[in-house]
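Fold and geometry: a report
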Amino acid sequence: MTTERIALVTGANQGIGYALVQSLADRMNPDDLVLLTGRDPQRVADAVAHLDGVARVEGRVLDVTDGAAVRGLAAELGAVDIVVSNAVGPLVPERGQAEQADVFIDVANRGAQDVLRAFGPVLRPGGRLIVVASSLGTLDHLPEQLWPRFDGVTLDEVERAVEDWRAAIHDGTAAAKGWPEWINFPSKVAQVAAVRAVAAERRTRDLADGTLIASVCPGLVDTRASRPWFDDFSQAKSPADAVVPIVDLLLSDRVDPSQYGELIRDGKVLPWKPSTL
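Presented here is a report on the structure given in the accompanying data block. Remember, it's a predicted structure, so these values are computed and weren't measured experimentally.

Parameters at a glance
- Residues numbered from 1 in each chain as written.
- Predicted model: local features only at pLDDT ≥ 70, side-chain atom pairs only at ≥ 80, totals over all residues.
- Heavy atoms only, no water.
- Helix = DSSP H or I, 4+ residues; strand = E, 2+ residues; numbered from the N terminus.
- Buried < 20%, exposed > 50% of the residue type's maximum accessible area, 1.4 Å probe, protein only.
- Contact = heavy atoms within 4.5 Å.
- Areas by Shrake-Rupley, 256 points an atom, 1.4 Å probe, with all protein chains shown as cover.
- Lys, Arg positive; Asp, Glu negative; His and termini not counted.
- Charge placed at Lys NZ, Arg CZ, Asp CG, Glu CD.
- Pairing = 2+ DSSP bridges.
- Axes fitted to C-alpha atoms, helices over the stretch in contact; angles between N-to-C directions.
- 1 Å grid on protein atoms, 1.4 Å probe; cavity = no way out; pocket = protein on both sides within 12 Å on 5 of 7 lines; lining within 4 Å.
- Points joined across faces, edges and corners; volume = space filled by probe spheres on them.
- Nonpolar A, V, L, I, M, F, W, Y, C, P; charged D, E, K, R; others polar.
- Right-handed = clockwise from strand over helix to strand, strands pointing away.
- Salt bridge = Lys/Arg side-chain N within 4 Å of Asp/Glu carboxyl O.
- Phe/Tyr/Trp six-rings, centres within 6.5 Å; stacked < 30°, edge-to-face > 60°.

On to the overall build of the protein chain, then. In terms of regular secondary structure, the protein chain is built from 8 helices and 8 strands. When the 277 residues of the protein chain are sorted by exposure, 51% land in the buried category. The contacts of the protein chain with a sequence gap of at least 6 include a subset with a gap of at least 24, amounting to 73%. A total of about 12,600 Å² of accessible surface is found on the protein chain, and carbon and sulfur atoms cover 50% of it. Positive and negative charge centroids in the protein chain, built from 28 and 39 side chains respectively, lie 3 Å apart.

Moving on: the sheet that holds strand 6 (residues 212-217). Reading across from one edge, 3-2-1-4-5-6-7-8 is the order of the 8 strands in this open sheet, with mixed pairing throughout. With one partner strand each, in any of the chains shown, strand 3 (56-61) and strand 8 (268-270) form the two edges of the open sheet. Strand-to-strand twist of the sheet, defined as the mean angle between neighbouring strand axes without regard to direction, takes the value 25 degrees. Where strand 1 (residues 6-9) and strand 4 (residues 80-85) come together, 3 bridges link them in parallel fashion. From the neighbouring strand, leucine 8 faces strand 4, where its bridge partner is valine 83.

Counted as a void, the second largest pocket has a volume near 160 Å³. Looking at the second largest pocket, the residues that line it are Leu116, Arg117, Gly120, Pro121, Thr154, Leu155, Asp156, Ala197, Val198, Glu201, Arg202 and Arg205. Looking at the lining of the second largest pocket, the elements that each hand over two or more residues are helix 4 (97-119), helix 5 (155-171) and helix 6 (184-209). If you tally residues by element for the lining of the second largest pocket, the top one is helix 6, at 5 residues. Residue classes in the lining of the second largest pocket are distributed as 5 nonpolar, 2 polar and 5 charged.

A few words now on the environment of leucine 35. Structurally, the position occupied by leucine 35 is in strand 2 (residues 33-38). Distance from leucine 35 to valine 83, taken between C-alpha atoms, is 9.5 Å for residues 48 residues apart in sequence. Beyond its immediate chain neighbours, meaning those up to four positions away, leucine 35 contacts Ile6, Ala7, Leu8, Val9, Glu58, Arg60 and Leu77.

Once that is clear, we can look at the pairing of strand 2. Counting buried residues along strand 2, 6 of its 6 residues qualify, which places the element largely inside the surrounding structure. Taking every second residue as pointing to the same face, both faces of strand 2 are buried, with Leu33, Leu35 and Thr37 on one and Val34, Leu36 and Gly38 on the other. Inspection of the sheet shows strand 1 paired to strand 2 by 4 bridges, in the parallel sense. Bridging from a neighbouring strand, valine 9 pairs with leucine 36 of strand 2. Read from strand 1 through helix 1 (residues 15-27) to strand 2, the crossover connection turns out right-handed. Examined bridge by bridge, strand 2 and strand 3 share 6 bridges and lie parallel to one another. If you follow leucine 33 over to strand 3, its bridge partner there is arginine 56. Since strand 2 and strand 3 lie parallel, the crossover through helix 2 (residues 41-49) that links them has a hand, and here it is right-handed.

Leave glycine aside and you will find that most residues have negative phi; peptide bonds, for their part, are mostly trans. For aspartate 266, which is not a glycine, the phi torsion comes out positive at approximately 50 degrees. If you trace the backbone, aspartate 266 turns up in the loop between strand 7 (263-265) and strand 8.

All told, the structure shown has 17 salt bridges when counted by the stated rule. When the shortest N-O distance is used, the salt bridge between glutamate 58 and arginine 56 registers 3.8 Å. Through salt bridges that share partners, Asp102, Asp106, Arg110, Glu163 and Arg166 make up one connected network.

Here we take up the packing of aromatic side chains. Per the stated rule, a full pass over the model turns up 3 aromatic pairs. A ring pair is formed by tryptophan 182 and phenylalanine 185, whose centres lie 5.1 Å apart and whose planes are at 80 degrees; its orientation type is edge-to-face. Judged by relative accessible area, tryptophan 182 falls into the partly exposed class, the value being 24%. A connected cluster of aromatic rings, assembled from ring pairs, spans Phe150, Trp165 and Trp179.

A separate point is the pairing of strand 4. Most of strand 4 is tucked away: 6 of the 6 residues are buried. In terms of strand pairing, strand 4 meets strand 5 (residues 123-132) through 5 bridges, oriented parallel. Residue pairing in the sheet places valine 84 in a bridge with isoleucine 130 of strand 5.

Below, the structure written as structure tokens:
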């Protein structure tokens, strides 16, 4: 069987990732392939078993904290049309932020950085490379003194900033250096900054062939990961509803240049920097 398009979603055995795979499978074509990835073989197998749709769905075991595995899958596939970096590490309020930092950073930041590095070069013209982030990923969620670590920098510089932040957490100097106590803020900013760094290098050629690199915010979504952190879910979306504008973006026939490299929520660009007006 000939595969027309290949889509890959990381962290996809539950929540938003699972909903993304289901929606893509529903809206893509029978000869297309959607790869659902996660690091637990049984959870991946169970997730695939409960999915249906028009496109074919296959499961792949992938731990995004294993850079060699990420590079290996990209090399094996050779070319992809849609890649969504969605994996996120566990974060719970009953444990200290510092003791959870390594796993959280390794999955959400190092994982996203490795996906960008590995899959950017094998993305077909007209493809989509998206990182699921958050509206918390704008610069105004960090003290202004830290903005130069993430604004107008290369991917290497984003990675160094993340590792400097990690080291400051462990040596007890994070607060003195201005890093917020809640690790979600720097992590999300770094995710968006990584996307912006990669996009800045590719913008001209990507826009010429209709390729999109961007980060997306699904908004408040009622998932197992978000429930410990919020009391009021009256305005929250279900995962299925939250992914609709994301999949619209992934499957659109055209790229809006104003969205390229930006953080997008419900089809609209969120400003990277606060307005000076």
